[in-house]
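Here is what each chain is made of, one letter per residue.
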Amino acid sequence: MRLLVQLVAVAAVAFVGSTAVAAVEGNTLLTLVLGLATAVLAVVVYGRVVRWTERRAPVEVAVKGAAAAVGRGLVIGVAMFAAVIGNIAFNDGYRIDGLGSPEGAAGLAGFMAAAAVTEELLFRGVLFRIIEERIGTWLALTLTGLLFGLSHLTNPHASLWGAIAIAIEAGGMLAAAYAATRNLWVPIGLHFGWNFAAAGIFSTEVSGNGTTEGLLRGETSGPALFTGGEFGPEASPPAIGFGVLLTIVFLWLAHRRGNLVPRRRRTAPAAATATLSQ
């Protein structure tokens, strides 16, 4: 029940927030403000519902150290996407045609903040964390990564390959980031940094949601197999490669820190065990 209650609570905030942001589309200031407000409200609601359903402090969203953790994730996310777009550009799949729109980038920051926070709370804070308790880190990472990828199939330019790519590079990586740090701030920063770099800086498609205008006016061209096509660079081989690499690094850190949760093994009832021993 706690999984369901927590999912419904955060999903409700996400729905109301996304509806409000969509209603002010085109107004940069309101998009930024409502997006950030949605992100903050989602964290508050998550913290309250976890405290209520689990009778514990929601340490994974503790305020202390949050800014530094988000900053670390942000740097990793931006650097990762810059490496991806750099690889595509090196193979003549992306070029910069000039400066874009700072106002558009500001609006995207609010939209991406709301999306990153609510998705991390839902997929890593609720689904991965609770499922991991039952079936262990490896199976939980695989299952929730797949669900995360499939959830992108509803996007306008979505494709099955794009959803699979998201599941591999992002679903696994973000769950591994949570396993390594045991807080949601690093994956939130990483998720936001990746998405904002893609849309708010390099003006590429994000998960098949359409091309946006960020700080740079960029153009993607060439074989869709390499650039990601209409789904965006997230469906490209470089993105999958860097995503898998970071997943391995985070899982190594989780193992080194003793943060990997083993799969629960069923034990025979005491009475049956005693009978067998006679």
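What counts, and at which threshold
Residues numbered from 1 in each chain as written. Predicted model: local features only at pLDDT ≥ 70, side-chain atom pairs only at ≥ 80, totals over all residues. Heavy atoms only, no water. Helix = DSSP H or I, 4+ residues; strand = E, 2+ residues; numbered from the N terminus. Rg over C-alpha atoms; globule rule 2.2 N^0.38 Å. Buried < 20%, exposed > 50% of the residue type's maximum accessible area, 1.4 Å probe, protein only. Contact = heavy atoms within 4.5 Å. 1 Å grid on protein atoms, 1.4 Å probe; cavity = no way out; pocket = protein on both sides within 12 Å on 5 of 7 lines; lining within 4 Å. Points joined across faces, edges and corners; volume = space filled by probe spheres on them. Nonpolar A, V, L, I, M, F, W, Y, C, P; charged D, E, K, R; others polar. Core = buried A, V, L, I, M, F, W, Y, C linked by side-chain atoms within 4.5 Å. Phe/Tyr/Trp six-rings, centres within 6.5 Å; stacked < 30°, edge-to-face > 60°. Lys NZ or Arg CZ within 6 Å of the ring centre and 35° of its normal. Salt bridge = Lys/Arg side-chain N within 4 Å of Asp/Glu carboxyl O. pLDDT = per-residue confidence, 0-100.

Asks: Would you mind going over the overall build of the protein with me for this structure?
Replies: The helix and strand inventory of the protein stands at 10 helices and 2 strands. In the protein, the succession of helices and strands from N to C terminus is α-α-α-β-α-α-α-α-β-α-α-α. Since a compact globule built from 278 residues should have a radius of gyration of about 19 Å, the 20 Å found for the protein is in line with a globular shape. C-alpha atoms of the protein, sized along the principal axes, occupy 80 × 40 × 35 Å. With 278 residues in all, the protein has 47% of them scored as buried. When contacts within the protein are restricted to residue pairs at least 6 apart in sequence, those whose partners lie at least 24 apart make up 77%.

Asks: Would you take a moment to explain the layout of surface pockets for this structure?
Replies: One way to see where empty space is left: roll a probe the size of a water molecule over the atoms. Estimates place the volume of the largest pocket at around 1100 Å³. In this structure, the largest pocket is lined by 47 residues; those nearest its centre are Val-21, Phe-111, Met-112, Ala-115 and Asn-209. Looking at the lining of the largest pocket, the element that brings in the most residues is helix 4 (residues 102–135), giving 12 residues. Residue classes in the lining of the largest pocket are distributed as 22 nonpolar, 20 polar and 5 charged. The computed volume of the second largest pocket comes to approximately 250 Å³. Leu-36, Ala-39, Ala-113, Val-117 and Ile-188 are, among the 13 residues lining the second largest pocket, the residues nearest its centre.

Asks: Would you mind going over unusual backbone geometry with me for this structure?
Replies: Excluding glycine, a negative phi dihedral is what most residues carry, and trans is how most peptide bonds are arranged. Of note, Arg-182 is a non-glycine position whose phi angle comes to about 55°, a positive value. Within the secondary structure, Arg-182 sits in the loop between helix 6 (160–181) and helix 7 (185–201). One non-glycine residue, Ser-203, adopts positive backbone phi at about 55°. Its location among the elements puts Ser-203 in the loop between helix 7 and strand 2 (216–220).

Asks: How should I be thinking about the nonpolar core in this particular structure?
Replies: The tendency in soluble globular proteins is for nonpolar side chains to be buried side by side. Core analysis: the biggest nonpolar cluster contains 65 residues, and Tyr-46, Leu-121 and Phe-250 have the highest contact counts within it. Those elements that provide at least two residues to this core are helix 1 (2–23), helix 2 (28–54), helix 3 (66–90), helix 4, helix 5 (137–150), helix 6, helix 7 and helix 9 (237–256). When sequence neighbours within four positions are dropped, the list of residues in contact with Phe-250 reads Ile-76, Met-173, Ala-176, Ala-177, Ala-180 and Leu-190.

Asks: Looking at this structure, I do not really get the packing of aromatic side chains. What am I missing?
Replies: Two measures describe an aromatic ring pair: the distance that separates the ring centres and the angle between the ring planes. Counting across every chain of the model gives 6 aromatic pairs. Where Phe-123 meets Phe-148, the ring centres are 5.0 Å apart and the plane angle is 75°; that geometry is what we call edge-to-face. Residue Phe-123 is located in helix 4, and its partner Phe-148 is located in helix 5; the two are separated by 25 residues in the primary sequence. On the basis of relative accessible area, Phe-148 is assigned to the buried category, the value being 2%. Here the guanidinium or amino end of Arg-124 rests over the ring plane of Phe-148, the centre of that ring lying 4.4 Å away.

Asks: Would you explain the pattern of salt bridges in this entry?
Replies: Side-chain pairs of opposite charge can arise where the charged atoms are in close proximity. Scanning the entire structure with this criterion turns up 10 salt bridges. Of the charged contacts in the structure, one is a salt bridge between Arg-129 and Glu-60, with a shortest N-O distance of 3.6 Å. Placement of Arg-129 in helix 4 and of Glu-60 in the loop between helix 2 and helix 3 is noted, with a sequence separation of 69 residues between them. Residue Glu-60 is classed as buried on the basis of its relative accessible area of 3%. For Arg-95, the salt bridge is made with Glu-219, and the minimal N-O distance between the two is 2.9 Å. You can see Arg-95 sitting in strand 1 (residues 94–99) and its partner Glu-219 sitting in strand 2, a full 124 residues away along the chain. Given the relative accessible area of 43%, Arg-95 is considered partly exposed. Overall, Glu-219 belongs to the partly exposed group, its relative accessible area being 33%.

Asks: Would you take a moment to explain the confidence of the model for the protein for this structure?
Replies: A low pLDDT score tells you not to read the predicted coordinates there in detail. Mean pLDDT over the protein stands at 90; residues scoring 70 or higher make up 94%. Across residues 268–278 the pLDDT falls below 50, and counting only partners more than four positions away or on other chains, this stretch makes 1 contact in the model.

Asks: Explain the environment of Ala-158 here, please?
Replies: Within the secondary structure, Ala-158 is located in the loop between helix 5 and helix 6. When its relative accessible area of 26% is taken as the criterion, Ala-158 is described as partly exposed. Ala-158 sits 10 residues away from Ile-168 along the chain, and the two C-alpha atoms are 16 Å apart.

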